[in-house]
Amino acid sequence: VYVKEIPKCQPANHFFPLFLQVKSQFQSRANTNCAVFTAIVYKTQVVAGTMYFIKVQVSDAEYAHLKVFQSLPYENQGPSLVSFQTGKTRDDPLTYF
């Protein structure tokens, strides 16, 4: 089985606006309303655009992992939530999914 590797986590202390643009997509698809929505760390994978893997704090004790695709600039499209995993903890590793 081939497992895709993504680079080392980067701190999300200066996180980009695209992250906030997917909050409503996540809340709708996860059927939740997040009181907290804070990016902790992220990884990127270059494809025909950029895939972001983001660890997000969604409550005092719960985290989610988001997979967000940002197309190339000339396509003039916003970020889209590709997939997500809920029920994560702060210590769960951020891996390809």
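Residues numbered from 1 in each chain as written. Predicted model: local features only at pLDDT ≥ 70, side-chain atom pairs only at ≥ 80, totals over all residues. Heavy atoms only, no water.

Looking at an unreviewed UniProt entry, one finds the protein chain named CYTB protein and attributed to Certhia familiaris. Entered under Sequence similarities (unreviewed entry) in the UniProt record, the comment concerning the protein chain runs "Belongs to the cystatin family." (UniProt positions renumbered as here; feature names shortened; annotations may be inferred.)

Grouped together as the largest cluster of nonpolar side chains are 16 residues, with contacts concentrated most on Phe-26, Phe-37, Ile-54, Leu-66 and Val-68. Among the elements of the structure, α1 (17-21), β2 (38-47), β3 (49-57) and β4 (63-71) are those that each provide at least two residues to this core. When near neighbours in sequence (up to four residues on either side) are disregarded, Leu-66 contacts Phe-19, Val-22, Phe-26, Phe-37, Tyr-52, Phe-53, Ile-54, Val-56, Leu-81, Ser-83, Phe-84 and Phe-97. With seven residues, the next largest nonpolar core counts Met-51, Phe-53, Tyr-63 and Phe-97 among its residues. (Core = buried A, V, L, I, M, F, W, Y, C linked by side-chain atoms within 4.5 Å. Buried < 20%, exposed > 50% of the residue type's maximum accessible area, 1.4 Å probe, protein only. Helix = DSSP H or I, 4+ residues; strand = E, 2+ residues; numbered from the N terminus. Contact = heavy atoms within 4.5 Å.)

Attention now goes to the pairing of β4. Across the nine residues of β4, eight count as buried, placing the element largely inside the fold. Remark: five residues form the turn of the hairpin made by β3 and β4, two consecutive strands paired antiparallel. (Pairing = 2+ DSSP bridges.)

Detailed reading of the predicted coordinates is not advisable wherever pLDDT is low. On average, residues of the protein chain score 85 in pLDDT, and 84% of them reach the 70 mark or higher. No element of the protein chain has a lower mean pLDDT than strand β1 (residues 10-11), which averages 62, and none a higher one than strand β5 (residues 80-88), which averages 95. (pLDDT = per-residue confidence, 0-100.)

Of all nine residues that make up β3, eight are buried, and the element is covered over most of its length. Counting the residues that bridge the hairpin from β2 to β3 gives one residue. Judged from the nine bridges that link them, β3 and β4 form a sheet pairing that is antiparallel. Bridge pairing in β4 places Lys-55 opposite His-65.

Turning our eyes to something else, we now look at the packing of aromatic side chains. Applying the stated rule across the entire model yields five aromatic pairs. The interplanar angle of 50 degrees and the centroid separation of 6.5 Å between the aromatic rings of Tyr-42 and Tyr-52 together place this pair among those described as tilted. You can see Tyr-42 sitting in strand β2 and its partner Tyr-52 sitting in strand β3, a full 10 residues away along the chain. Accessibility classification places Tyr-42 together with Tyr-52 in one group, the buried group. Ring centres 5.5 Å apart and planes at 45 degrees place the aromatic pair Phe-53 and Tyr-96 in the tilted group. Taken together, the residues Phe-53 in strand β3 and Tyr-96 in the segment after β5 connect sequence positions 43 residues apart. By the ring-pair criterion, three or more aromatic residues cluster together here, those being Phe-26, Phe-37 and Phe-84. (Phe/Tyr/Trp six-rings, centres within 6.5 Å; stacked < 30°, edge-to-face > 60°.)

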